[in-house]
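# Structural features, examined
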Amino acid sequence: MGLICYKCPILPVLTWQTPMAKSKLVFHCTACGSNLGKWAGQCPDCKSWNTVEEFRVAAGARRKVGFAGATASLVTPLSSVPSGDTQRVETGLAELDRVLGGGLVSGSVVLLGGDPGIGKSTLLLQAAARLSGNLKSLYVTGEESLQQIGLRARRLGVEREQLDCLTETSVEQILATVQKVQPQLLIVDSIQTLQSDDIDSAPGSVAQVRESAARLVRYAKTSGCSIVLVGHVTKEGALAGPRILEHMVDAVLYFESDSGSRYRIIRSFKNRFGTVNEIGVFAMTGKGLKQVSNPSAIFLSSRSTPTPGTIVTVTREGTRPMLLEIQALVDDSQLANPRRVSIGLEHNRLAMLLAVLHRHGGVSLSSQDVFLNVVGGLRISETGSDLAAVLAVVSSYRDLVLPEGLLAFGELGLSGELRPVYNGEERLKEAAVHGFKHAVIPAANAPRHDTGKLRVSAVDTLHDALQSVFT
Ligand code: TYD
Ligand code: MG
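Residues numbered from 1 in each chain as written. Chains lettered and ligands numbered in written order. Predicted model: local features only at pLDDT ≥ 70, side-chain atom pairs only at ≥ 80, totals over all residues. Heavy atoms only, no water.

### Observations concerning the pattern of salt bridges
Rules: Any carboxyl oxygen of Asp or Glu within 4 Å of a side-chain nitrogen of Lys or Arg constitutes a salt bridge here. Numbering goes from the N terminus for both helices and strands, where a helix is a DSSP run of H or I of at least four residues and a strand is a run of E of at least two. A simple rule labels every residue: compare its accessible area, found with a 1.4 Å probe on the protein chains alone, to the largest value its type can have, and call it buried under 20%, exposed over 50%, or partly exposed in between.
Summed over the entire model, instances satisfying the criterion amount to 15 salt bridges. Note that Arg98 and Glu95 form a salt bridge whose closest N and O atoms lie 3.7 Å from each other. In this pair, Arg98 and Glu95 both sit in helix 1 (residues 94–100), three residues apart, roughly one turn of the helix. Measuring nitrogen to oxygen at the nearest pair gives 2.7 Å for the salt bridge that ties Arg215 to Glu172. Residue Arg215 is found in helix 5 (residues 206–223), and its partner Glu172 is found in helix 4 (residues 171–181); the two are separated by 43 residues along the sequence. Classification of Arg215 by relative accessible area gives buried; the value is 15%. Linked through salt bridges whose partners overlap, the residues forming this network are Glu172, Asp198, Glu211 and Arg215.

Spelled out as structure tokens, the structure:
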């Protein structure tokens, strides 16, 4: 309704406005998620520049000062907390169960991250369809239409009768639906597409992601419903959104792959209900993801004639040993600073191994480029592959083919000593199963039992290892 100014009656200047919902400005760092009182160029917590953004949120109840009005909560002695085992449900995909620590725990929240197109939606649809016979499951998608999910399910040839689907992005709507449907498993694809009406910023922003995740986590903990959230990753490979998301959930899984490879590795990064560093291996096929239960076989190259610079090692990823091939190429360098390139093994570790090789193995590579690669796009996160990496480098440098059926593992110390690795016997057993004939290992890992056809050279130093392989 317009009003006329009493001084100049021509202009209708005042207009009644319907009162706006009150909102306030808050500031969050998009890198670490910390709350700030005002805008700043640099986040005081994580020290990132230009990451602080302002968000408008609906003003909630007035903040209470002190603890007036609060009632004391009941405390429980730890001894009287029932110590029953956590309830787990197997997803039907053994490789996924392995990474989850034995199955999906009821009331837990799992965050699954991975590059676009790697197969997150495919994996979860396969798992949900298998589970839907035992668990009432709801698949919520904010990214695709129901037709697209239907088409994918048909392509995967999965059971579709008992799996409920919903396309929705509003957290309030999703929570209202789950209160009604009461699913035991809720899949949300993806957390970055969700938005809450209480927060006045775009979906995918820090405040939205945090608020949406917090509400879903609260629901999981109060209802016992297991929730799997799909999370996007940034260009740097970290989960998009605030780091705080990783603290809020019970498990963080990453889906990884070497570009161009059909193999997919799912790795546990954090797990409150199982061990970390466990991996599950899948292969993407025309009919969805197939489990690879014997990964050792696929990570060995299928070439029949051995070439210089190639050796096999046994690493232990999580609870199982795995055979891996390490390749090295040593070539005359044209550069003042020769190149050291390492894919799958930490860069600094390669530099250290080359220094140890120089001092204690008498092999100087100061005018050589050194390239090292772990076949199959795997990343080695333990030190047990040190000896194999050094042997591959020497083999390439001297252009000597390592004998067929040779395998090596062991950690190299700075004084040239070979240090033992854990689960040595189990690694030797895996090598014997795959028909290896000779293993060079640290003396402290010498087997106490007969290893059958596998001949074992247990050596103390790098010097001894080079002697036993190259003479
Ligand atoms: P998708 O699960 O949509 O990936 P994300 O959710 O992680 O973005 O997977 C999509 C890719 O997988 C796509 O490039 C096609 C491929 N794909 C197959 O090769 N075989 C299949 O059976 C399916 C369903 C997908
Ligand atoms: Mg997807």
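Now that the structure has been shown, we can carry on.
### Regarding helix 10 (residues 424–433)
To keep it simple, the criterion reads: Here the arc refers to the set of directions running from the helix axis out to each C-beta atom. The criterion used for residue contact is that any of the two residues' heavy atoms lie within 4.5 Å.
Restricting attention to buried positions, one finds in helix 10 the residues Gly424, Arg427, Leu428, Glu430 and Ala431. End-on view of helix 10: buried residues confined to an arc of 155°, all on one side of the axis. Seen from the open side of helix 10, the exposed residues pointing more than 90 degrees away from its buried face are Lys429 and Val433. As for helix 10, its buried residues are in contact with helix 7 (295–298), strand 18 (310–317), strand 19 (320–332), strand 22 (406–408), strand 25 (438–442) and strand 26 (455–459). Taken from the residues just after helix 10, Gly435 is the one with a positive phi, measuring 80°.

### Here we look at the packing of aromatic side chains
We apply this condition: Each pair of aromatic rings taken from Phe, Tyr and Trp, with Trp reduced to its six-membered ring, is defined by centres within 6.5 Å and is described as stacked if the planes are under 30 degrees apart, edge-to-face if over 60, and tilted in the remaining cases. Two thresholds decide whether a charge sits over a ring: the Lys NZ or Arg CZ must be within 6 Å of the ring centre and within 35 degrees of the ring normal.
Tallying each qualifying case throughout the model produces two aromatic pairs. Aromatic side chains Tyr254 and Phe269 sit 5.5 Å apart centroid to centroid with 90° between the ring planes, which places their arrangement in the edge-to-face category. With Tyr254 in strand 14 (residues 251–256) and Phe269 in strand 15 (residues 263–271), this pair connects stretches of sequence that are 15 residues apart. Residue classification places Tyr254 among the buried positions, given a relative accessible area of 13%. Ring geometry for Phe255 against Phe282: centres 6.4 Å apart, planes inclined by 85°, an arrangement best described as edge-to-face. Residue Phe255 is located in strand 14, and its partner Phe282 is located in strand 16 (residues 279–285); the two are separated by 27 residues in the primary sequence. There is no split in this pair, since Phe255 and Phe282 are both buried. One Lys or Arg, Arg427, reaches over the ring of Phe409 and ends 5.7 Å from the middle of that ring.

### Focus: the domain arrangement of the chain
This is how the line gets drawn: Either an automatic procedure or a domain database provided the assignment from which the domain bounds are taken. Using a 1.4 Å probe, buried area is obtained as the accessible area two parts lose upon being combined, added over both of them.
Taken domain by domain, the chain comprises domain 1 (23–58), domain 2 (87–293) and domain 3 (298–470). On the domain 2 side, the residues contacting the eleven residues of domain 1 number twelve residues. Counting each side, the surface lost to burial between domain 1 and domain 2 is near 800 Å², with a carbon and sulfur contribution of 59%. Summed over the shared surface of domain 1 and domain 2, the number is zero salt bridges.

### Quick notes on the nonpolar core
Buried together is how nonpolar side chains tend to be arranged in soluble globular proteins. Keep this limit in mind: We call a set of buried residues a nonpolar core when its members are Ala, Val, Leu, Ile, Met, Phe, Trp, Tyr or Cys and they connect through side-chain atoms within 4.5 Å of each other.
Core analysis: the largest hydrophobic core is formed by 45 residues, its most contacted members being Ile311, Leu357 and Val393. For this core, the secondary-structure elements that each account for two or more residues are strand 16, strand 19, helix 8 (347–361), strand 21 (368–374), helix 9 (386–398), strand 22 and helix 11 (462–470). At eight residues, the largest contribution of residues to this core is made by helix 9. When neighbours within four sequence positions are excluded, Leu357 is seen to be in contact with Gly362, Val363, Leu365, Val390, Val393, Val394, Leu462 and Leu466. If you look at the next biggest cluster of nonpolar residues, it comprises 32 residues, including Leu125, Ala128, Leu135 and Val228.

### Some words on unusual backbone geometry
Of all residues except glycine, most have a negative phi; of all peptide bonds, most are trans. Following Asp189, the chain continues to Ser190 via a peptide bond in cis, the omega torsion being 0°. The residue Ser190 is located in the loop between strand 11 (185–189) and strand 12 (199–200) in this model. Although it is not a glycine, Asn50 adopts a positive phi angle of roughly 55°.

### Observations regarding the packing of helix 2 (residues 120–131) against helix 3 (residues 146–156)
Applicable threshold: An axis is simply a line fitted to the C-alpha atoms; with a helix, the fit covers only the stretch in contact. Between two such axes, the angle follows the N-to-C directions and lies from 0 to 180 degrees. Reported orientations rely on four angle classes, namely roughly parallel under 35 degrees, roughly antiparallel over 145, roughly perpendicular from 65 to 115, and oblique for the rest. If you view the pair so one helix is near and one far, a crossing is left-handed when the near helix is turned anticlockwise from the far one by less than a right angle, and right-handed when it is turned clockwise. In the scheme used here, Gly and all other residues not listed as nonpolar or charged are polar, with Ala, Val, Leu, Ile, Met, Phe, Trp, Tyr, Cys and Pro taken as nonpolar and Asp, Glu, Lys and Arg as charged.
At their nearest, the axes of helix 2 and helix 3 sit 11 Å apart, and the two run at 70° to each other. By the angle between their directions, the pair helix 2 and helix 3 is classed as roughly perpendicular. Viewed along their axes, helix 2 and helix 3 form a crossing whose handedness is right-handed. Contacts between helix 2 and helix 3 pair Ser121, Thr122, Leu125 and Gln126 from the former with Ile149, Arg152, Ala153 and Leu156 from the latter. In the contact of helix 2 with helix 3, the residues fall into four nonpolar, three polar and one charged.

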